[in-house]
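# Reading the structure
The residues making up each chain are set out below.
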Amino acid sequence: MCYPRIPFIVKLDETKNNIKPSEKNKELKAVVLTEKLKDISKAEDILSQEAINDIKSFQGEFRDYELTLDYSYWRSDEILKAILPDDFNEEVPSGFTKTGHIAHLNLKEEYKPYGELIGQVILDKNPSVKTVVDKLESIDTTFRTFKMKVIAGEDNFLVEQKESDCIFKFDFSKVYWNSRLSTEHGRLINEFKTNEAVCDAMAGVGPFAVPAGKKKCLVFANDLNPESYKYLEINVKNNKVQNFVKYFNTDGREFIKRSPKLLQEFNKNSKNGEIEIISNKRMKIDGVKTDKRVITKFKIPTFFSQYVMNLPDSAINFIDSYAGLFSNAFPDLTKDEVKNLPGYKLPIVNFHHFEKYSHEEDPQPTEEELHKRVHAKMTKILNYDVPFEKISFHLVRMVAPTKPMYCVSFELPEELAFQSASN
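Residues numbered from 1 in each chain as written. Predicted model: local features only at pLDDT ≥ 70, side-chain atom pairs only at ≥ 80, totals over all residues. Heavy atoms only, no water.

The subject of this paragraph is the overall build of the chain. The helix and strand tally for the chain stands at 12 helices and 17 strands. In terms of overall dimensions, the chain is more spread out than a globule: its C-alpha atoms have a radius of gyration of 30 Å, far above the 22 Å expected for 423 residues. With respect to the three principal axes, the spread of C-alpha positions in the chain is 100 × 80 × 45 Å. When burial is assessed residue by residue, the chain has 43% of its 423 residues classed as buried. The contacts in the chain between residues at least 6 apart in sequence include a share of 61% that link residues at least 24 apart. Positive and negative side-chain charges in the chain, numbering 61 and 64 respectively, have mean positions lying 8 Å apart. (Helix = DSSP H or I, 4+ residues; strand = E, 2+ residues; numbered from the N terminus. Rg over C-alpha atoms; globule rule 2.2 N^0.38 Å. Buried < 20%, exposed > 50% of the residue type's maximum accessible area, 1.4 Å probe, protein only. Contact = heavy atoms within 4.5 Å. Lys, Arg positive; Asp, Glu negative; His and termini not counted. Charge placed at Lys NZ, Arg CZ, Asp CG, Glu CD.)

Encoded structure:
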């Protein structure tokens, strides 16, 4: 049998196939052979001699079998190719990004008149999808959200998404979330170390902050969007990481500038500069199992080890916020005094960035050329030349053929960190 996704062993219907169970075949099982065998009398001409011998050895008998390939058999792309106009068949829009129970499409203009039909097919063929939406406009540059239209299923945008062993709850229509970035979330989280401090300046609903909190990193997470902040708080509490993740709702630029001071204040206001985790541990004492109160302490770092800015459209424009980071945070201390503080370190700055170029460029820019373009933009914004060889470029994904998304990482130079406010 040459049809894919069809089991070659079937159970015959006693009435329809006019057959009775036997001692050797109590469940009326049969093997479907090939649609070429339309005339049973020609079996020996069509089947291999090996197949014929096997059938005879099992005392098998040939019967006609009708196989109906209905709507449930065909894949969504096959169905759409069959029902959409012929000139659309080159690239039918059967792919989507799934977030919780929502399938998100970005239909080209020519497909939008068929949106409801396309949405219904996707809904029918994907049992876990309850809502299908089509993007209507480009992403808002402030909150990274976009208007969308329900083209099939429930009008329900409140989703739960599992990622990095955490459950995230949010309204997909009011916050930014991209399930295609799960690998990037995991990659950067792996760079964070237990007991270090991370500053997430554009945290969204917490895809970096919440898993980092589970690793027992102290995370200061901020987002300007009130809806993102609301669900960030919910996700921190639902995933039980409130001891390690502190959330804020303010401008990213001001948050970065204030971050060292916020960490100092948190340190001073904590008991002995530590985070205390109180838990009950089942132990056996004198042969009797009992719950014992256990206190685990984590030393609060003096400095952030990592900064994250996951706002690819504009994060690069925020990097000048790091100029004078330490001189502004420690105005009463000299540079040497700051460097002698416990756990002093220069942080790693990670920002996501789209380096779009024209498809008309000839020749097309190389990867190195794109990196150098990013470096030139950084130098102009910072008014400081971070050595090119000290910058790491990680290609996250190609959003479009001429729109790569990078994670750009560099250690904040000491000269920049201690730049005077007048500069």
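Now that the structure has been shown, we can carry on.
Turning our eyes to something else, we now look at the sheet that holds strand β17 (residues 403-411). Read from one edge of the open sheet, 7 strands run β11-β10-β9-β14-β15-β17-β16, paired in mixed fashion. Looking at strand neighbours, the two that pair on one side only are β11 (245-248) and β16 (391-400), the edges of this open sheet. The average undirected angle you get between the axes of adjacent strands in this sheet is 15°. Relative to the sheet, helix α7 (residues 226-238) contacts β10 (218-222) and β11, its axis offset from that of β11 by approximately 165°. (Pairing = 2+ DSSP bridges. Axes fitted to C-alpha atoms, helices over the stretch in contact; angles between N-to-C directions.)

So, on to the pattern of salt bridges. In this structure the tally under the stated criterion is 14 salt bridges. As a salt-bridge pair, Glu78 and Arg75 come within 3.4 Å of each other at their nearest N and O atoms. Across the salt bridge formed by Lys339 and Glu414, the nearest N and O atoms sit 3.2 Å from each other. Of this pair, Lys339 sits in helix α10 (residues 335-339) while Glu414 sits in helix α12 (residues 414-417), placing them 75 residues apart in sequence. Of the residues examined, Lys339 reaches a relative accessible area of 32% and is grouped as partly exposed. Overlapping salt bridges bring together Arg75, Asp77 and Glu78 as one network. (Salt bridge = Lys/Arg side-chain N within 4 Å of Asp/Glu carboxyl O.)

As for its position among the elements, Leu33 is in the loop between β2 (29-31) and α1 (43-46). With 18 residues separating them in the primary sequence, Leu33 and Ala51 have C-alpha atoms 9.7 Å apart.

Moving on, we get to a nonpolar patch on the surface. A contiguous nonpolar patch, built from Phe8, Ile9 and Val31 and spanning about 310 Å² of accessible area, is present on the exposed surface. Along the polypeptide, Phe8 turns up in the segment before β1 (9-11). Look at Phe8 and you get exposed, because its relative accessible area is 51%. (Patch = residues over 30% accessible without salt bridge, like charges linked within 9 Å, V, L, I, M, F, W, Y side chains within 5 Å. Areas by Shrake-Rupley, 256 points an atom, 1.4 Å probe, with all protein chains shown as cover.)

The peptide bond linking Asp362 to Pro363 adopts the cis configuration, its omega dihedral lying at 0°. Structurally, the position occupied by Pro363 is in the loop between β15 (348-354) and α11 (367-382). Phi angles above zero are rare outside glycine, and Ser164 is one such case at about 55°. Overall, the relative accessible area of 29% leaves Ser164 in the partly exposed class. Of note, the phi angle at Asn383 is positive, near 55°, even though the residue is not glycine. Along the chain, the position of Asn383 falls in the loop between α11 and β16. Residue class for Asn383 comes out exposed when judged on its relative accessible area of 68%.

It is worth spelling out the pairing of β10 at this point. Summarising burial for β10: 5 of the 5 residues are buried, a large majority. Of the two faces of β10, the one lined by Leu218, Phe220 and Asn222 and the one lined by Val219 and Ala221 are each fully buried. Two strands pair when backbone bridges link them, and strand β9 (residues 197-200) and β10 are joined in this way by 4 bridges, in the parallel orientation. Pairing of Val198 across the sheet is with Val219, part of β10. This β-α-β element, β9 to helix α6 (residues 209-214) to β10, shows right-handed connectivity. A crossover links β10 with its parallel partner β11, the connecting element being α7, and its sense is right-handed. (Right-handed = clockwise from strand over helix to strand, strands pointing away.)

Where a protein is soluble and globular, its nonpolar side chains tend to be buried together. Within the largest apolar cluster, 50 residues are counted, with the highest numbers of intra-cluster contacts made by Met309, Tyr322, Phe351 and Met378. Met309 has contacts with Ala201, Met202, Ile256, Ala315, Phe318, Ile319, Tyr322, Val349, Asn350, Phe351 and His352, leaving out every residue within four places of it along the chain. By size, the runner-up hydrophobic cluster in this structure holds 37 residues, among which are Phe157, Phe172, Val175 and Val241. (Core = buried A, V, L, I, M, F, W, Y, C linked by side-chain atoms within 4.5 Å.)

Once that is clear, we can look at the sheet that holds strand β6 (residues 148-153). The strand order across the open sheet formed by 4 strands is β3-β4-β5-β6, and the pairing between neighbours is mixed. Each having just a single partner strand, β3 (97-99) and β6 make up the two edges of the open sheet. The sheet shows a mean angle of 30° between the axes of neighbouring strands, taken without regard to direction. Alignment of β3 against strand β4 (residues 102-105), held across 3 bridges, turns out to be antiparallel. When the sheet's bridge partners are listed, Thr99 is paired in β4 with Ile102. The sheet contacts of helix α4 (residues 115-125) involve β4, β5 (131-135) and β6, and relative to β6 the element is tilted by about 55°.

The next point concerns the packing of aromatic side chains. Enumeration according to the criterion identifies 21 aromatic pairs in this entry. Between Phe303 and Tyr344 the ring centres are 5.4 Å apart and the planes differ by 90°, which places this aromatic pair in the edge-to-face class. Here Tyr344 lies in the loop between α10 and β15 and Phe303 lies in the loop between β13 (288-299) and β14 (304-309), a separation of 41 residues in the sequence. The class of Phe303 is buried, set by a relative accessible area of 3%. An aromatic cluster is defined as three or more aromatic residues linked by ring pairs; in this entry it consists of Phe220, Phe248, Phe255, Phe266, Phe304, Tyr307 and Tyr322. Above the plane of the ring of Phe146 lies Lys135, whose end atom (NZ or CZ) is 5.7 Å from the centre. (Phe/Tyr/Trp six-rings, centres within 6.5 Å; stacked < 30°, edge-to-face > 60°. Lys NZ or Arg CZ within 6 Å of the ring centre and 35° of its normal.)

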